[in-house]
Amino acid sequence: MTPHPGSAKQQSDEVATTTSTPQVAADSDYDYSNFYYSSSDDLFAIFKPYDEWWYGSARNNGYYLFSQPMSTRPGPQIDLEEQLSHTKLELLNLASYNYLGLSYHPEVIAAAKDALDHYGLGAAGSPILSGTMDLHLTLEKELAEFKKKEAVMVFPTGYSTNVGLLSALLRAGDWAIMDQNVHASIVDGVIMSKANARFFRHNRPDDLEKKLRGTTGKRLVILEGVYSMDGDTARLPELVEVAKRAGARVMIDEAHSTFMYGAEGRGVAEHFDLEDEIDIHVGTFSKALGGQGGFVAGSQSLYNYLMGFARSRVFSCALAPAVTAGVLAALRVAKREPELRTKLWKNVAHFRGLLNSAGVDVAESTSQIIPIMIRDDRRILGIAQKLQRAGLYLQPIIYPAVAKHRSRFRVSISSTHTTEQLNRAATILTDILREEKVI
Ligand SMILES: Cc1ncc(COP(=O)(O)O)c(C=O)c1O
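This structure is a prediction, so every number in the text was calculated from the model and none was measured.

### Some details on the site of the ligand
At step 1: Around the ligand sit 15 residues in total, of which Tyr159, Asp253, His256, Ser286 and Lys287 are the nearest.
At step 2: One of the backbone nitrogen or oxygen atoms of Tyr159 is found 2.8 Å away from an oxygen atom of the ligand.
At step 3: Between Lys287 and the ligand, the recorded distance is 2.7 Å, taken from a side-chain N or O atom to an oxygen atom.
At step 4: Calculation on the ligand without its partners gives an accessible area of 390 Å², and the protein chains cover 87% of this total.
At step 5: Ranked by residue count, the leading element in the shell around the ligand is helix α5 (residues 158-169), at three residues.
At step 6: Counted by class, the shell around the ligand contains three nonpolar, nine polar and three charged residues.

What follows is the structure in structure tokens.
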């Protein structure tokens, strides 16, 4: 079984090969995996070789492409500061999660501005103490109605949602059985819970069945709706059937599918008519709603328990009022305007068609996330530089976000892209992939 990158298993695999402080060559094949450990007793000893690698090789050879500052909203056309030369670039953007363009919808901005005027900047307290405002409760109520669940709990981020939820529910001796491609926040929540962890092969009901065998007691099977790096959807009917047959509870993280999949936009579980079979539904506000925060939807009893035990929420400040109001407005727009989803899927089909006819490898993707598989961890950075210079912003995804030699560009399509922009992006992309003999 291949562990998910960043998982405890993967990180412990690195111990054997990196027990001493690395001596870094100027232009090395090193990557992050060489810098987990050093042989010194000084905690900071790792900084020197890391800086040597970073300034001597990594940064100049393409790692500067990460965290480049954008000075515009995350729309189809952006301004970005190129980190090596500090020049301003105007780029066509296919890298943001703003799938429905709601981060800058006029109603969303107006609601956030009003809340800022009314409530000020921060919530100034944990949600269980003084940080809960009427806005938070309205958002939870309207989301629960939307998801057709008894209750919804809002968290400060999607990451803290999974960490808080899983570390609250699972205990030492329990079992978390996860798809091998689940997000790092799920892996981290399970690690924090001290429960036993097993990964099953991606989207393989037969392997889930195998991994469930021999486990006893409390078990939670953890899936995603759309997998964030591969853009494929969970084989929910078969996976849920296997989990239920074994008597396990099921959780789904629909970070990249809520507000987009299903006739009413409730997600992949709605699409497969399996919402009631799944015990815990997770979503984020940072993708289709263009905001920030996350949520758990389920029973009132689940809500009550998390209120006491989800430490990432209990011991953290509540979501800022302006963001809460903006997310609430975005939810109302998403519910009221299903045509945004229709436009998104039209754009996805159009762009996918352009890639297919050029013979681009997009793995198993079927969603608005389209991986452009390069599978070469060093070459991808050079190709990313070329794309950027040609006017296309596509973020390279390399280890540890994906397994080594599974590097790819991750295209995110939005309802806000015009056909002309998608055509231009596909031309830049396929021309450069041809030049580089990738296709
Ligand atoms: C499946 C999944 N869950 C959770 C998260 C974390 O969400 P957030 O970025 O809102 O913290 C992500 C982020 O990309 C994700 O892909």
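### Side note on the packing of α5 against helix α10 (residues 300-309)
At step 1: The interhelical angle for the contact between α5 and α10, taken along N-to-C directions, is 95 degrees, at an axis separation of 10 Å. Here α10 runs roughly perpendicular to α5, going by the angle between their axes. Residues Leu165, Ala168 and Leu169 of α5 pack against Leu302, Tyr305, Leu306 and Phe309 of α10.
At step 2: Residue composition of the contact of α5 with α10, by class: seven nonpolar, no polar and no charged.

### Things to note about the pattern of salt bridges
At step 1: Taken as a whole, this structure holds 27 salt bridges when the rule is applied.
At step 2: Notably, a salt bridge pairs Lys244 with Asp279, separated by 3.1 Å at the nearest N-O pair. Linking Lys244 in helix α8 (residues 236-245) with Asp279 in the loop between α9 (268-271) and β8 (280-284), this pair joins segments that are 35 residues apart in sequence.
At step 3: With relative accessibility at 34%, the residue Lys244 sits in the partly exposed group.
At step 4: Among the charged side chains, a salt-bridge network with shared partners connects Glu264, Arg266, Glu270 and Glu275.

Definitions and limits used
Throughout this document, residue positions are counted from 1 along each chain, in the order its sequence is written. At least 70 in pLDDT is required for a residue's local features to be given in this predicted model, at least 80 for side-chain atom pairs to be given and counted, and no such filter applies to totals for whole chains, interfaces and linings, which use all residues. With hydrogens and water stripped out, all remaining heavy atoms of the structure feed into the side-chain values. Here a residue counts as near a molecule or strand whenever at least one of its heavy atoms sits within 4 Å of it. For this analysis, a polar contact is any N or O atom pair within 3.5 Å, provided that within protein one partner can donate a hydrogen and the other can accept it, and provided that sequence-adjacent residues contribute only side-chain to side-chain pairs. Accessible surface area values rest on a Shrake-Rupley calculation with a 1.4 Å probe, where residue burial reflects the displayed protein chains alone. Starting at the N terminus, helices and strands are each numbered in turn, a helix being any DSSP run of H or I of at least four residues and a strand any DSSP run of E of at least two. Residues are grouped as follows: Ala, Val, Leu, Ile, Met, Phe, Trp, Tyr, Cys and Pro are nonpolar; Asp, Glu, Lys and Arg are charged; every other residue, Gly included, is polar. Note on definitions: angles span 0 to 180 degrees between N-to-C directions of axes, and those axes are lines fitted to C-alpha atoms, for helices only across the stretch in contact. In this scheme, roughly parallel covers angles under 35 degrees and roughly antiparallel covers those over 145, while 65 to 115 is roughly perpendicular and the rest are oblique. Contacts are assigned to residue pairs that have any heavy atoms within 4.5 Å of one another. Throughout this description, the term salt bridge denotes a Lys or Arg side-chain nitrogen within 4 Å of a carboxyl oxygen of Asp or Glu. Under the scheme applied here, a residue whose accessible area is under 20% of the maximum for its type counts as buried, over 50% as exposed, and between as partly exposed, the area being computed with a 1.4 Å probe on protein chains only.

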